[in-house]
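Examining the three-dimensional arrangement
Take a look at the letters that make up each chain.
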Amino acid sequence: LDQNYTRSLFAHQAKAQKGPWTIYANLFSERDSRQPAVPEDLDSADLRILALAGDDLALAVRTGVRSSGLDYDVNRVYYRQRDTLVVVQGLPTRYTYLVHDPYADSSALAVSFSEVAAGMGDYVLQQSNANGRVYAWSAPDPATGALRGNYRAEVRLIAPAAHLVANAGFSVPGRRDALLSAEFAASSRDQNRLSSLDDGDNSGFAAKLLTRSPELGFRANALRLQAEASYRFVHASFAPVQSFRPVEFVRDWNLAGAPAGAEHLPELTLRMNIQDRWKLIYSGSRYLRGSAYDGQRNLATLQFSDSLTNVSFTFNSLSAKQQDARTRFLRPVLEGSRRMGNGFELSLHAARERHERFAAGSDTLTAESFSFDRLDGRIRWQS
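The structure contained in this document is the topic of the report that follows. (Residues numbered from 1 in each chain as written. Predicted model: local features only at pLDDT ≥ 70, side-chain atom pairs only at ≥ 80, totals over all residues. Heavy atoms only, no water.)

1. What to know about the nonpolar core
Put simply, the test is: The criterion is simple. A nonpolar core is a set of buried Ala, Val, Leu, Ile, Met, Phe, Trp, Tyr and Cys residues joined through side-chain atoms within 4.5 Å. Only protein chains enter the accessibility calculation, which uses a 1.4 Å probe; a residue is then buried when its area is under 20% of its type maximum, exposed when over 50%, and partly exposed in between. Only runs of H or I of at least four residues qualify as helices and only runs of E of at least two qualify as strands under DSSP, and these elements are numbered from the N terminus. Contacts were defined at the residue level, with two residues in contact if any of their heavy atoms lie within 4.5 Å.
Core analysis: the biggest nonpolar cluster contains 11 residues, these being Val77, Tyr79, Tyr97, Leu98, Leu109, Val111, Phe113, Tyr123, Val134, Tyr135 and Tyr151. Secondary-structure elements contributing two or more residues to this core are strand 6 (91-100), strand 7 (109-111) and strand 10 (134-137). If sequence neighbours within four positions are ignored, Val77 has contacts with His100, Ala130, Asn131, Gly132, Arg133 and Val134. Within the second largest apolar cluster, 10 residues are counted, among which are Phe249, Trp253, Leu265 and Ala320.

What follows is the structure in structure tokens.
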């Protein structure tokens, strides 16, 4: 049984330019009504359950068992309750379960089931010729008592939600690719509008500041230098409309399993260009997430290109401390291609990834550590 709410969606964008200045603002609002589209979908008991669940929607469940009574329909699947004894860990234990009744009448039970993770339920889907899906009780493991089903006789209640995000920022370009920009955002996300519990973390904010120096040229622009500094802050409760991080962000910073917290990310980038053939880019950054994560990353890229050859070498290293572990991450990558005569092109890709994880206060690698090497070569011909 799904509860559906009337949902309103509003989005607005505004942008203004005057001289070199660009100013912009955006607003996004998505809100469910407090009342379901069909009032009968939620009764007073359901509303009470949702009010007490707060943001923990795992608690927003009610029993899926009810008497068919006057709603009895000969074309539906019905159940009866049965009792049994199961020997679990050597002790007889009484269980009450539901069994399909193919000859049901108005005294039978109408049951709704919800799918859960394997080993978290009491029932499994059974093959049947009945006019509907039939679920069968799966007794717990006699040796351990662990559940062995993936369905429960319960209904998950869906809470109305609301999500609001607003941001505003400006950018001022300068001479020779210089730039100054800033952006600020605020969000409010209520996962359960029918409950005032857990509302303390509904609001959050974020900010991004960036400044880039003019590109400085030396020796008739044969040598060009440029520097860039940025700072990003994300409140622990900030809820964007969609992810704004690069796809590899979690992997680059080895954040798998790191708890949520306020995020700070200062970064400094230096660029050097020599005769438009050699390019060197270095980026140093530090990422803090609450008091549980502190990582420092160094990323350097050296590139060479001319009319026939393209070669780049990237060196990426990370060291991080977490509450229960410390990690070292190393990823050098070499890529190159060379155009030959008669339409041939040779290319090479070589990479190594080394991930070392140590328990706090130990120099012994944990089981999560790994390392691999990759080497690819290719010959392409084009007439």
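Past the structure itself, the notes keep going.
2. A word on the environment of Ala117
Within the fold, Ala117 resides in the loop between strand 8 (114-115) and strand 9 (123-126). It is 28 Å that separates the C-alpha atoms of Ala117 and Ser237, two residues lying 120 residues apart in sequence. Not counting chain neighbours up to four residues away, the residues in contact with Ala117 comprise Gly149 and Asn150.

3. A look at unusual backbone geometry
Unlike most non-glycine residues, Asp177 shows phi in positive territory, near 70 degrees. As for its placement among the helices and strands, Asp177 is situated in the loop between strand 13 (162-173) and strand 14 (179-190). When its relative accessible area of 45% is taken as the criterion, Asp177 is described as partly exposed. Although it is not a glycine, Gln275 sits at a positive phi angle of roughly 55 degrees. Within the element layout of this structure, Gln275 appears in the loop between strand 18 (263-274) and strand 19 (278-289).

4. Quick word on the pattern of salt bridges
The criterion, for reference: In the sections that follow, a salt bridge refers to a side-chain nitrogen of Lys or Arg positioned within 4 Å of a carboxyl oxygen of Asp or Glu.
Counted under the stated rule, the structure contains 28 salt bridges. A salt bridge links Glu267 to Arg232; the nearest nitrogen and oxygen atoms lie 3.7 Å apart. Of the two residues, Glu267 sits in strand 18 while Arg232 sits in strand 17 (residues 223-234), which places them 35 residues apart along the sequence. According to the relative accessible area criterion, Arg232 is partly exposed, its value standing at 22%.

5. Some details on a nonpolar patch on the surface
Our working rule: Patch rule: a residue counts if its relative accessible area is over 30% and it has no salt bridge; like charges are joined within 9 Å, and nonpolar side chains (Val, Leu, Ile, Met, Phe, Trp, Tyr) within 5 Å. In this description, accessible areas are obtained by the Shrake-Rupley approach with a 1.4 Å probe, and a residue is regarded as covered only by the protein chains that are shown.
Together, Met272, Ile274, Trp278, Leu280, Leu302, Val311, Phe313, Phe315, Leu334, Leu348 and Leu375 line one region of the surface with nonpolar side chains, adding up to about 920 Å² of accessible area. Of all elements in the fold, only strand 18, strand 19 and strand 21 (309-322) reach the threshold of two or more residues within the nonpolar patch. For the nonpolar patch, the leading source of residues is strand 21, giving 3 residues. Looking at the secondary structure, you find Val311 in strand 21.

6. Let's talk about helix 1 (residues 44-53)
Test applied: Directions pointing from the helix axis toward each C-beta atom define the arc. Each polar contact in these results corresponds to two N or O atoms within 3.5 Å; when the atoms are within protein, one needs to be able to donate a hydrogen and the other to accept it, and residues that are neighboring in sequence are counted only if both atoms are side-chain atoms.
Of the residues making up helix 1, those classed as buried are Asp46, Leu50 and Ala53. Down the axis, helix 1 shows its buried residues gathered within 60 degrees of arc, on one side only. Facing away from the buried surface of helix 1 by more than 90 degrees, the exposed residues are Ser44 and Arg48. Lining the buried residues of helix 1 we find strand 1 (5-18) and strand 3 (61-63). Taking the backbone nitrogen of Ala45 as reference, a side-chain oxygen 3.1 Å away marks Asp43 as the first, capping residue of helix 1. Just downstream of helix 1 lies Gly54, where phi reads positive at about 60 degrees.

7. Looking at the pairing of strand 23 (residues 344-359)
A regular strand places its side chains on the two faces of the sheet in alternate fashion. To be explicit about the condition: Strand pairing is assigned whenever DSSP detects at least two bridges linking the two strands.
As judged from the 13 bridges shared by strand 22 (residues 325-339) and strand 23, these two strands associate in the antiparallel manner. Bridging across to strand 23, Arg338 finds its partner in Leu346. Once strand 22 ends, the chain turns through 4 residues before running back antiparallel as strand 23, passing Asn342 with a positive phi of about 60 degrees. With 12 bridges connecting them, strand 23 and strand 24 (residues 370-381) associate as antiparallel partners. Across the sheet, residue Arg352 finds its bridge partner in strand 24, namely Asp373.

8. A few points about the layout of surface pockets
So the rule is basically this: Note on definitions: the grid is 1 Å and covers protein atoms alone; a cavity is a set of points where a 1.4 Å probe fits but cannot get out; a pocket is an open set with protein on both sides within 12 Å along at least five of seven lines; lining residues have an atom within 4 Å of a point. Grid points are joined across faces, edges and corners, and a volume is the space filled by probe spheres set on the points. All amino acids are sorted into three groups, where Ala, Val, Leu, Ile, Met, Phe, Trp, Tyr, Cys and Pro are nonpolar, Asp, Glu, Lys and Arg are charged, and the leftover types, Gly among them, are polar.
As a volume, the largest pocket reaches approximately 820 Å³. Glu183, Lys208, Arg232, Phe244 and Arg245 are, among the 36 residues lining the largest pocket, the residues nearest its centre. Mapped onto the lining of the largest pocket, the elements with two or more residues apiece are strand 1, strand 2 (21-36), strand 13, strand 14, strand 15 (203-212), strand 17, helix 2 (249-252) and strand 18. Within the lining of the largest pocket, the residues separate by chemical class into 21 nonpolar, 8 polar and 7 charged. Each residue belonging to the lining of the second largest pocket can be placed in one class, and the counts come to 8 nonpolar, 3 polar and 3 charged.

9. Some words on the environment of Asn150
Looking at where Asn150 falls in the secondary structure, it is placed in the loop between strand 10 and strand 11 (151-152). Sequence separation between Asn150 and Pro92 is 58 residues; the distance between their C-alpha atoms is 24 Å. Residues contacting Asn150, with those up to four places away along its chain left out, are Ser114, Glu115, Val116, Ala117, Ala118, Gly121, Tyr123 and Val124.

10. Structural notes on the packing of aromatic side chains
Condition: Note on aromatic pairs: the rings of Phe, Tyr and Trp (six-membered ring only in Trp) are paired at centre separations within 6.5 Å, and the planes decide the class, stacked below 30 degrees, edge-to-face beyond 60, tilted for the rest. For a lysine, the NZ atom is tested; for an arginine, the CZ atom; a charge sits over a ring if that atom is within 6 Å of the ring centre and within 35 degrees of the ring normal.
Within the structure shown, the criterion is met by 16 aromatic pairs. Centroid distance Tyr287 to Tyr293: 5.7 Å. Interplanar angle 65 degrees. Geometry classified as edge-to-face. Neither Tyr287 nor Tyr293 differs from the other in exposure class; each is buried. A cation over an aromatic ring shows up here: Arg245 above the ring of Phe249, its NZ or CZ 4.5 Å from the ring centre. A cation sits over an aromatic face here: Arg326 above Phe358, 4.5 Å from the ring centre.

11. Description of the pairing of strand 17
Across 7 bridges, the pairing between strand 15 and strand 17 is antiparallel. Looking at the pairing, Arg212 lines up with Glu228 of strand 17. Pairing analysis gives 3 bridges linking strand 16 (residues 216-218) to strand 17, with the strands arranged antiparallel. Residue Phe218 lies in a different strand from strand 17, and its bridge partner there is Leu223. Taking the residues between adjacent antiparallel strands as the criterion, strand 16 and strand 17 are bridged by 4 residues, where Arg219 takes a positive phi near 55 degrees.

In short, geometric facts, not functional conclusions.
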